[in-house]
Amino acid sequence: MTGTDAHRAIEAVWRIESARLIAGLARMVRDVGVAEELAQDALVAALEQWPESGVPRNPGAWLMAVAKRRAIDLLRRRERLDRKLTELGHELEADQSAMPDIEIVDGDIEDDLLRLVFVSCHPVLSTEARVALTLRLLGGLTTDEIARAYLVSEATVAQRIVRAKRTLGDAGVPFEVPHGDELADRLPSVLETIYLIFNEGYAATAGEDWMRPALYEEALRLGRVLAELMPTEPEVHGLVGLMEIQASRTAARTGPSGEPILLLDQERGRWDRLLIRRGLAALERAEALGGAMGPYALQTAIAACHARARTADETDWPRIAGLYDELGRLTPSPVVELNRAVAVAMAFGPAAGLELVDALIAEPALKAYHLLPSVRADLLAKLGRRDEARKEFERAASLTRNERERTLLLERAAACA
């Protein structure tokens, strides 16, 4: 194996194993920051040794064994040779006898991963910190990759991650999965973080790219992992179903030059039927668990209406409007109301939709939200009020930070002139 081949293999292994490795170490040392440092030390050891010795048959176990050794050294340096050191010593003896083909109990891995998910998405952290730490610890992305994805400096991302680890330590956040009411309180933060990552990849808020596949693919992977770890939580399946169905459209969302193609104009034959089937199956699992549908399951039901329609004209817009009614009652927000207005316009005519949109103009939360004037412009154009529509498209273009979207909005404004 050449050095280049070894480095590629190590990079692939790190992407797969880093979250499990950090999760297992965090359970032992009770500190996410220290666990990541130990995992990085193991990665350096692999970079030094694997080009000569070759990639072991169980690379994840090899990395864990090396990291455990470093953990013991760390504890020795800190003179913490208590019960934890004894436990780690016993584990190390077992690891040394089996290395590099160490058996790792799947149940332990799953428990550790779930703990790491809830720690990295803890609501004590800011939204930006949760996203950065999740991508770092669970996605194995480098600070440079995260910075490029979010169009910020590498130093900014590194600072967010350092502060997040410090905040978790200062707050004394335990490395465990919450139970009962605490689980119900914490789960929305986890789901929100994953969906924020997905949305930034699916419809980038800024920059020259309409989509960032690395982000939405990573969010989808995290969602699938979470669904395996928490199979009895309907909203987890609801989120996964929503992301699966939305991801099914990605091939049809851009034209030859990368320009955005709106939902109703997309060539539905290019939608990924496998992802649609997976999304619908996830929705069925959420519904089968019983109880009232949560916000993610409701959004998946809306997405399913689009996925089941062979053409845009066959879309069941009255049902979508009704689902948005339910979603608005469950989680009231101006954005949900704006989406409901679009569905009402499609189901009952643009005048009905415009009436709802106009009621949102004074809403403070939508003051800088470019989709409000964009939706209003579309409805005005359909009503033949082209000059008003042009001005609204231009205002929407001035508010968006995504170059592809700005170009599209300006083109639609010009078409109204």
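The written sequence of each chain sets the order in which its residues are numbered from 1. Predicted model: local features are reported for residues with pLDDT of at least 70 only, side-chain atom pairs are reported and counted for 80 or more only, and whole-chain, interface and lining totals are derived from all residues. Where side-chain values are given, they derive from all heavy atoms of the structure, hydrogens and water being excluded.

Below, the discussion takes up the side chain of Glu 36. In DSSP terms, a helix is any run of H or I states spanning at least four residues, a strand is any run of E spanning at least two, and both are numbered starting from the N terminus. Mapped onto the elements of the fold, Glu 36 is located in helix 2 (residues 32–53). Residue classification places Glu 36 among the buried positions, given a relative accessible area of 4%. Definition of a polar contact: a pair of N or O atoms within 3.5 Å, with one able to donate and the other able to accept a hydrogen when the atoms are protein atoms, and with sequence-neighbouring residues admitted only if both atoms are side-chain atoms. For Glu 36, the side chain forms a polar contact with the side chain of Lys 165, separated by 2.2 Å. Any two residues whose heavy atoms approach within 4.5 Å at even a single point are treated as in contact. With near-sequence residues (within four places) excluded, Glu 36 lies in contact with Ile 22, Arg 136, Leu 137 and Lys 165. Burial status follows relative accessibility: with a 1.4 Å probe on protein chains alone, a residue under 20% of its type maximum counts as buried, one over 50% as exposed, and anything between as partly exposed.

Here we come to the nonpolar core. Note on terminology: a nonpolar core comprises buried Ala, Val, Leu, Ile, Met, Phe, Trp, Tyr and Cys residues joined through side-chain atoms within 4.5 Å. Residues Leu 25, Leu 226 and Met 230 are the most contacted members of the largest nonpolar core, which totals 104 residues. No other element matches the 11 residues that helix 1 (residues 3–29) contributes to this core. Not counting residues up to four positions away in its chain, the partners in contact with Met 230 are Leu 114, Phe 118, Leu 183, Leu 187, Val 236 and His 237. Judged by nonpolar contacts, the second largest core, of 19 residues, contains Leu 360, Leu 366, Val 375 and Ala 396.

Interaxial angle, 0 to 180 degrees, is taken between N-to-C directions of lines fitted to C-alpha atoms, where a helix line uses only the stretch in contact. Axis separation between helix 11 (residues 234–247) and helix 12 (residues 273–288) bottoms out at 8 Å; the angle between their running directions is 160°. The angle between the axes of helix 11 and helix 12 places the two elements in the roughly antiparallel class. Pair helix 11 / helix 12 crosses with left-handed handedness. Contact residues: helix 11 offers Pro 234, His 237, Gly 238, Gly 241, Glu 244, Ile 245 and Ala 247, while helix 12 offers Leu 275, Ile 276, Arg 278, Gly 279, Leu 280, Ala 282, Arg 285 and Ala 286. Three classes are used, and their members are as follows: Ala, Val, Leu, Ile, Met, Phe, Trp, Tyr, Cys and Pro are nonpolar, Asp, Glu, Lys and Arg are charged, and the others, Gly among them, are polar. Tallied by class, the residues present in the contact of helix 11 with helix 12 amount to eight nonpolar, four polar and three charged. An angle counts as roughly parallel when it lies under 35 degrees, as roughly antiparallel when it exceeds 145, as roughly perpendicular when it falls between 65 and 115, and as oblique in every other case. Left-handed is the label given to a crossing in which the near helix is rotated counterclockwise from the far helix by less than a right angle, and right-handed is the label when the rotation is clockwise.

A word on the environment of Pro 51. Among the structural elements, Pro 51 can be located in helix 2. According to the relative accessible area criterion, Pro 51 is partly exposed, its value standing at 21%. Considered as a pair, Pro 51 and Gly 238 are 187 residues apart in the sequence and their alpha carbons are 43 Å apart.

It is worth spelling out the pattern of salt bridges at this point. Close approach of charged atoms lets side chains of opposite charge pair. Definition used for salt bridges: Asp or Glu carboxyl oxygen within 4 Å of a side-chain nitrogen of Lys or Arg. Here the structure, examined in full by the defined rule, presents 23 salt bridges. As a salt-bridge pair, Asp 325 and Arg 340 come within 3.2 Å of each other at their nearest N and O atoms. With Asp 325 in helix 14 (residues 317–330) and Arg 340 in helix 15 (residues 334–348), the pair connects residues that are 15 residues apart, well separated along the chain. Exposure remark for Asp 325: the relative accessible area of 30% places this residue in the partly exposed category. Given the relative accessible area of 17%, Arg 340 is considered buried. Notably, a salt bridge pairs Arg 376 with Asp 358, separated by 2.6 Å at the nearest N-O pair. Taken as a pair, Arg 376 in helix 17 (residues 371–382) and Asp 358 in helix 16 (residues 350–358) lie far apart in primary sequence, 18 residues in all.

Unusually for a residue other than glycine, Arg 30 sits at a positive phi of about 60°. Among the secondary structure elements, Arg 30 is positioned in the loop between helix 1 and helix 2.

With that settled, the discussion passes to the confidence of the model for the chain. Scored from 0 to 100, pLDDT records how confident the predictor is in each individual residue. Summarising the model, the chain shows a mean pLDDT of 88, and 91% of its residues fall at 70 or more. In the predicted structure, residues 97–109 sits below a pLDDT of 50 and forms 17 contacts with residues beyond four places in sequence or in another chain.

Okay, the packing of aromatic side chains next. Ring pairs shown here join Phe, Tyr and Trp side chains whose ring centres sit within 6.5 Å, with only the six-membered ring taken for Trp; geometry is labelled stacked below 30 degrees between planes, edge-to-face above 60, and tilted in between. Counted according to the given criterion, the structure contains five aromatic pairs. Centroid distance Trp 50 to Trp 62: 5.3 Å. Interplanar angle 70°. Geometry classified as edge-to-face. Taken together, the positions of Trp 50 in helix 2 and Trp 62 in helix 3 (residues 59–77) put the pair 12 residues apart, joining distant regions of the chain. Taking relative accessible area as the criterion, Trp 50 reaches 1% and is therefore assigned buried. Between Phe 198 and Tyr 202, the ring centres sit 5.5 Å apart and the planes meet at 20°, which makes this aromatic pair stacked. Of this pair, Phe 198 and Tyr 202 are both found in helix 9 (residues 180–202), four residues apart, which corresponds to roughly one turn of the helix. Through successive ring pairs, a cluster of aromatic residues spans Tyr 195, Phe 198, Tyr 202, Tyr 216 and Tyr 296. By the criterion adopted, a ring carries a charge over it if an Arg CZ or a Lys NZ lies within 6 Å of its centre and within 35 degrees of its normal. The residue whose ring lies beneath Arg 249 is Trp 271, and the NZ or CZ to ring-centre distance is 5.7 Å. Over the ring of Tyr 202 we find Arg 253; its NZ or CZ atom is 3.8 Å from the centre of that ring.

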